[in-house]
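Reading the structure
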Amino acid sequence: MRTYGFYILLILTLFGCVKSNDNFLDRAPSNILLDEQVWKDEVLVLSVIANLYDRYPDYQTIENWSEFAAFDEAFASESGQYGRHKNQQYSYGSWGYWDYGYIRELNLFIEKCGKANLLKPEVRDRFLAEARFLRANVYFELVKRMGGVPLVLEPLTYDYKGDPGALQRPRQKESEIYDFVIKEMDAIMPALPDDANIKSRATKGLVLATKARAALYAASIAKYGATTPQVSLPGGEVGIPASMADGYYKTALAAAQQLINSGKYALYNKKPDNLSENFAALFYDKGGNPEVIFVKDFKLQSGKVQEWTLANQPRSLAEEQQGGRLNPSLNLVQSFEKLDNTFAPYATNTPGGDYIYYDKPEEMFAGRDARLAGTVILPGTEFKSKKVDIWAGYILKDGSIVTANNFGGQAVVGGNRIQVVGFDGPIDNLEFSAQTGFYVRKYQDPAVGSGRIGTKSEVWWVRYRYAEVLLNAAEAAFELGDKNTAAGYLNQVRARAGLIIPLTPGDITFDRIVHERKVELAFEGHQLWDMKRWRLAHIVWDGLSTDLTIHPESARSTSTRVFGLLPYRIYNPGTPQDGKWVFKKVIPSNVTSAHQFRLGNYYSFIGDDIRNNNPLVIKNPNQ
């Protein structure tokens, strides 16, 4: 008798009483379900598809905070992660993915579900569509990382006769994998619900969002891949012909506009009186959130919770002695533009060389895009209704600095022993302190208990949201020469952030497109894939130890090292400056190398074991 390949834990069965009798050894196993049991029971099939959803491949997520310090968005303020800022080159195997075991299980589900005639037809068709959605997204993840891969759409089985040739498949063209993803979205859409309240399962809205994203990726690889012809293979396994770019851009725009015009989703705007808090809230508010399209959900007291707040809460406000691990970079912070639509790095000194003085540290960041304070916890601001304590020390009259090497440390100043550094730091080389001068705000849970080891957080991980769809539509429209449409979509996203001077069509440039994604989607797992598809990664992360750019508006500005911006208090009694605040730009001492993204990093290394088992799989270029 064949057994179903998935094992399901049935709580009631496992914890029920077992009655002893002479036939005990003849009892059917209680933790293995047979095919004929599963495929007639909607609840059991739902359990199987839930398991498959839970294995959806992500890279940077709230369950893996340290990966957000891989590039230039943040510094990893944990001693075990300092190596991220000491290593210059990325391994060719970085970001690799090759999970054909997962694909096989999805193929098995599709095969068996298609024959499940005891299920209601509409129920069966929805399950089938969901499994095909997940399979298509696995291939989307594969092509993003590896380029073209073998396209296997049936559950292959080895016959143990010594010849595995029937199981070996060559790599498809990169374009063919993107085409598969796009066509699958079209094929499965009719069987899926058109319900924006469904956030953790496939819907028509999610299918359109996925189609738009996949087509946009393919389009930009086709267009900008022309700038790196050496990043290609003659058979098309890597690289997409430039002639295909417009077709993909049109597909991306049409899919995004279909979702936009449906009216099913909208930008989150429940707190219009505080736009920064409004932006932060869209990631933790689960109550009728109109922006969120697809999530990985978590639930308190279910065993499925996440540690983002526990790991990253401000140290001084921590509910337990945890937090402070991810410090946003000055590189990112200075990318948020001023409310007059202009860009400017943060000035710390006057043209004459004197400090610029502030009454409060938060004044340094006034008049900026509201998304800044919704993404980053800034000096002088609050979290959970309490003010963070971020300041690096006192600067005395002679310019010397008095500080300490522990949280809230004290020293003698002016004959008195006083606190000379914040309870959040920043203290160089002290893990969990705000070594760049900042903590992360996005995805932090304001609920009591979310920073406790025994509680943690149920804030969901948002994989797709409406603002990205608008940005995808804007980018596709721009690339097709329709700047008026692009400006309209960008202005919707920017207005929510308090940028009330609309961009004109003449303002829309490639730099604007890149900038808007950088600040809107920070810490959401888009940066790497965007930089790869635009073929900017080797330009921005070029391995040179250059200073922090003074042109954050430029998509090609080098950004290879993480910088910080630290606030200090002035101690100079009897002068107008006494008690004022000033800032210093710094590089944390653990940032010892400049990141270098090589041409061989555009597509991840395919392991020797994979190629030895299947000689039809050829290597990626430049490795």
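Residues numbered from 1 in each chain as written. Predicted model: local features only at pLDDT ≥ 70, side-chain atom pairs only at ≥ 80, totals over all residues. Heavy atoms only, no water.

Describing the pattern of salt bridges
Under the defined criterion, the tally for this structure stands at 42 salt bridges. Its salt-bridge partner being Glu-184, residue Arg-132 comes within 2.7 Å of it at the nearest N-O pair. Note that Arg-132 is positioned in helix α5 (residues 121–146) and Glu-184 in helix α6 (residues 174–188), a separation of 52 residues in sequence. Looking at Arg-132, the relative accessible area reads 25%, which means it is partly exposed. With a closest N to O distance of 3.9 Å, Asp-194 and Lys-264 form a salt bridge. Remark: Lys-264 occurs in the loop between α8 (245–262) and α9 (275–281) and Asp-194 occurs in the loop between α6 and α7 (204–224); sequence separation between them is 70 residues. Where salt bridges share partners, they join Glu-291, Glu-337, Asp-369, Arg-371, Lys-442, Arg-465, Arg-494, Arg-496, Arg-512, Glu-516, Glu-520 and Glu-524 into one cluster. (Salt bridge = Lys/Arg side-chain N within 4 Å of Asp/Glu carboxyl O. Helix = DSSP H or I, 4+ residues; strand = E, 2+ residues; numbered from the N terminus. Buried < 20%, exposed > 50% of the residue type's maximum accessible area, 1.4 Å probe, protein only.)

As for the environment of Gly-374
Looking at the element boundaries, Gly-374 is found in helix α12 (residues 371–375). Ignoring anything within four residues of it in the chain, the contact list for Gly-374 reads Ser-276, Phe-279, Ala-280, Arg-441 and Lys-442. (Contact = heavy atoms within 4.5 Å.)

With respect to the sheet that holds strand β7 (residues 394–396)
Taking strand neighbours across the sheet as the criterion, the four strands line up as β8-β7-β13-β14 in an open arrangement whose pairing is mixed. Pairing within the sheet leaves two strands with one partner each, and these edge strands are β8 (401–402) and β14 (581–586). Bridge analysis of β7 against β8 gives two bridges, and the strand direction is antiparallel. Directly across from Tyr-394, in β8, lies its bridge partner Val-402. (Pairing = 2+ DSSP bridges.)

Some details on helix α13 (residues 466–479)
Taking 1.5 Å per residue, 14 residues should reach 20 Å; α13 reaches 20 Å between its end C-alpha atoms and fits that length. Taking burial as the measure, the 14 residues of α13 include 14 buried ones, the bulk of the element. Positive phi appears at Gly-481, one or two residues downstream of α13, with a value of about 90°. (Expected span 1.5 Å × (residues − 1).)

Brief notes about the packing of α5 against α7
The contact between α5 and α7 brings their axes to 12 Å, and the two run at 20°. Relative to α7, α5 is oriented roughly parallel. For the pair α5 and α7, the crossing hand works out as left-handed. Listed contacts from α7 to Phe-133, Asn-137, Phe-140 and Lys-144 of α5 are Leu-206, Val-207, Thr-210, Arg-213, Ala-214 and Tyr-217. When the residues that make up the contact of α5 with α7 are grouped by side-chain class, the tally is six nonpolar, two polar and two charged. (Axes fitted to C-alpha atoms, helices over the stretch in contact; angles between N-to-C directions. Parallel < 35°, antiparallel > 145°, perpendicular 65-115°, else oblique. Left-handed = near helix turned anticlockwise from the far one by under 90°. Nonpolar A, V, L, I, M, F, W, Y, C, P; charged D, E, K, R; others polar.)

Brief notes about the side chain of Asp-445
As for its position among the elements, Asp-445 is in the loop between β11 (439–440) and β12 (461–465). Of the side chains with opposite charge, Lys-384 comes closest to the buried, unpaired Asp-445, at an N-O distance of 6.4 Å. A distance of 2.9 Å separates a polar side-chain atom of Asp-445 from the backbone nitrogen of Ala-447. Filtering out sequence-adjacent residues up to four positions away, Asp-445 remains in contact with Thr-309, Phe-383, Lys-384, Ser-450, Ser-457, Glu-458 and Val-459. (Lys, Arg positive; Asp, Glu negative; His and termini not counted. Polar contact = N/O pair within 3.5 Å; in protein donor to acceptor, adjacent residues only side chain to side chain.)

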